[in-house]
Amino acid sequence: MNHSQQHGVDRPRARGTDRSLARRAELISIGRKLFADTSYDALSMDDIARQAHVAKGLIYYYFKSKRGYYLAIVEDSVADLVSRAAGGLELPPAERVHRTIDGYLRYAEHNQAAYRTIITGGVGFDTEVQAIRQGVREVIVQTIAEGAYGRRKIEPLPRMALLGWLCSVEGATLDWIGNQALPRDTMRELLVKMLGGALRAVEELDPSYQAPSAARRDT
């Protein structure tokens, strides 16, 4: 949660009407598609305003700058992805892992432009954008760790294994939404089995991190 969200209840509500919030959300939705199809540097504010069919001043009113607009788009996309992937805390650990991966894939499949914005960005190496993307990875790694080991805080070895697995998931998912060569259920099971391999590798290197029983099934 960012600073403005934490303290939003104490701020004047001049921009907090339903209409203005809906307008802001609409601009973010448009921006997701624009930045997914065109690089950040290739889009000027005039281009954005023209394609969004709004006055340029309206974008400045809500977001202050093109960078502010882009960061709002990334943060909004991230919130959706994290919400989809990090739910199901009431489920048993093995089911929670399956649900996390399934939710991740469903989000990517049905929000392809937003997913590409999160994973590939559009600004190049921008430290703030990288921090947002790294935050997503940490949340998902912690969610998987909780499902696999029953806790979110883990040692560097299992964390690195889960992070490496997640980076491969990102690349595979980008290819999957572009080609749709596999059904989602097959893709999910493939990623689950890849995760099982990572968890077994961790156990071999550090027996204190035993792979869950589901990762040991010879299927």
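This text goes with the structure placed above it.
Residues numbered from 1 in each chain as written. Predicted model: local features only at pLDDT ≥ 70, side-chain atom pairs only at ≥ 80, totals over all residues. Heavy atoms only, no water.

## Considering helix H8 (residues 127-149)
- The terminal C-alpha atoms of H8, which comprises 23 residues, lie 31 Å apart, in line with the 33 Å expected from a rise of 1.5 Å per residue.
- Of the residues flanking the end of H8, it is glycine 150, one or two places downstream, whose phi is positive at about 80°. (Helix = DSSP H or I, 4+ residues; strand = E, 2+ residues; numbered from the N terminus. Expected span 1.5 Å × (residues − 1).)

## A word on the side chain of arginine 184
- Relative to the helices and strands, arginine 184 resides in helix H10 (residues 184-205).
- Classification of arginine 184 as buried rests on a relative accessible area of 18%. (Buried < 20%, exposed > 50% of the residue type's maximum accessible area, 1.4 Å probe, protein only.)

## Here we look at H10
- With 22 residues, H10 ought to run about 32 Å at 1.5 Å a step, and its terminal C-alpha atoms sit 32 Å apart, in line with that.
- Taken residue by residue, H10 has Arg184, Met187, Arg188, Leu191, Val192, Leu195, Gly196, Ala198, Leu199, Val202 and Glu203 as its buried positions.

## Comments concerning the pattern of salt bridges
- Scanning the entire structure with this criterion turns up 13 salt bridges.
- Arginine 23 is the partner of glutamate 26 in a salt bridge, and the nearest nitrogen-oxygen pair spans 2.7 Å. Taken as a pair, glutamate 26 and arginine 23 lie in helix H2 (residues 18-37) at a separation of three residues, close to a single helical turn.
- The partly exposed category is assigned to glutamate 26, whose relative accessible area is 39%.
- Between lysine 56 and aspartate 46 there is a salt bridge, with the nearest N and O atoms lying 2.9 Å from each other. Taken together, the residues lysine 56 in helix H4 (residues 56-63) and aspartate 46 in helix H3 (residues 45-52) connect sequence positions 10 residues apart.
- According to the relative accessible area criterion, lysine 56 is partly exposed, its value standing at 34%.
- Under the relative-accessibility criterion, aspartate 46 is labelled partly exposed at 43%.
- Through salt bridges that share partners, Asp102, Arg106, Glu109, Arg184, Asp185, Arg188 and Glu189 make up one connected network. (Salt bridge = Lys/Arg side-chain N within 4 Å of Asp/Glu carboxyl O.)

## Focus: the packing of aromatic side chains
- As enumerated under the stated definition, the model contains five aromatic pairs in all.
- With a centroid separation of 5.0 Å and 80° between ring planes, the pair formed by tyrosine 61 and tyrosine 62 is classed as edge-to-face.
- The exposure class assigned to tyrosine 61 is partly exposed, which follows from its relative accessible area of 37%.
- Classification of tyrosine 62 by relative accessible area gives buried; the value is 14%.
- An aromatic cluster of at least three residues, connected via ring pairs, comprises Tyr61, Tyr62, Phe63 and Tyr69. (Phe/Tyr/Trp six-rings, centres within 6.5 Å; stacked < 30°, edge-to-face > 60°.)

## Some words on unusual backbone geometry
- Positive phi outside glycine occurs at histidine 53, with the angle close to 60°.
- Tracing the backbone shows histidine 53 in the loop between H3 and H4.
- Relative accessible area serves as the criterion here: at 71%, histidine 53 is assigned to the exposed category.
- Not every positive phi belongs to a glycine, and glutamine 180 is a case in point at roughly 50°.
- Using a relative accessible area of 36% as the deciding quantity, one classes glutamine 180 as partly exposed.

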